[in-house]
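Spelled out from the first residue to the last, the chains are:
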Amino acid sequence: METQDANTAVYRDHTILIHSSGKPGDALTDAFMILEPTTNPMFTRTLHEHPRDQIKTYATEAEAREAAMKLARAWIDARLDKHPQ
């Protein structure tokens with residue numbers, strides 16, 4: 001199940017923070033981080049941050065968001081299903 005708003009999404013109980021304006025000049029990028037699942041949102045911990053040297057720029061915010069979600073879902077699936085990342 002996946003829920004989302006403009007800058008966050010939840011996939012398999014993991015919160016994904018999407019930073020589509022992650023580069024200088026307001027570029028549209030696939031920058032994101034994944035937070036550890038928690039019952040108390042006051043205490044969160046980052047599990048994964050998309051490496052800065054792998055961030056790509058896209059023509060539209062929708063393309064950037066789609067790319068970030070695809071990468072984040074793959075990382076979460078690999079972690080939960082115990083596949084190499």
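Residues numbered from 1 in each chain as written. Predicted model: local features only at pLDDT ≥ 70, side-chain atom pairs only at ≥ 80, totals over all residues. Heavy atoms only, no water.

(A) Main features of the overall build of the protein. Along the backbone of the protein there are one helix and seven strands. Written out in order from the N terminus, the α and β elements of the protein read β-β-β-β-β-β-β-α. Relative to its full complement of 85 residues, the protein shows a buried share of 31%. By element, 52% of the accessible surface of the protein is carried by carbon and sulfur atoms, the whole surface being about 5700 Å². (Helix = DSSP H or I, 4+ residues; strand = E, 2+ residues; numbered from the N terminus. Buried < 20%, exposed > 50% of the residue type's maximum accessible area, 1.4 Å probe, protein only. Areas by Shrake-Rupley, 256 points an atom, 1.4 Å probe, with all protein chains shown as cover.)

(B) Focus on helix H1 (residues 61–81). For H1, which comprises 21 residues, the first-to-last C-alpha distance of 30 Å matches the rise-based estimate of 30 Å (1.5 Å per residue) to within 8%. Within H1, burial applies to Ala64, Arg65, Ala67, Ala68, Met69, Ala72, Trp75, Ile76 and Ala78. Just downstream of H1 lies Lys82, where phi reads positive at about 60 degrees. (Expected span 1.5 Å × (residues − 1).)

(C) Fine view of the pattern of salt bridges. By the definition in use, this model includes three salt bridges. A salt bridge links Asp81 to Arg12, with the shortest nitrogen-to-oxygen separation between them at 3.1 Å. Of this pair, Asp81 sits in helix H1 while Arg12 is found in the loop between strand E2 (8–11) and strand E3 (14–19), placing the two residues 69 residues apart along the sequence. Owing to a relative accessible area of 30%, Arg12 belongs among the partly exposed residues under this scheme. A single salt-bridge network, built from bridges that share partners, covers Arg12, Asp77 and Asp81. (Salt bridge = Lys/Arg side-chain N within 4 Å of Asp/Glu carboxyl O.)

(D) Structural view of the pairing of E2. Along E2, the buried face is formed by Ala9 and Tyr11; none of Thr8 and Val10, which line the opposite face, is buried. What sits between the antiparallel neighbours E2 and E3 is a turn of two residues, in which Arg12 has the positive phi angle 50 degrees. (Pairing = 2+ DSSP bridges.)

Geometric descriptors of this kind do not, in isolation, establish any biological role.
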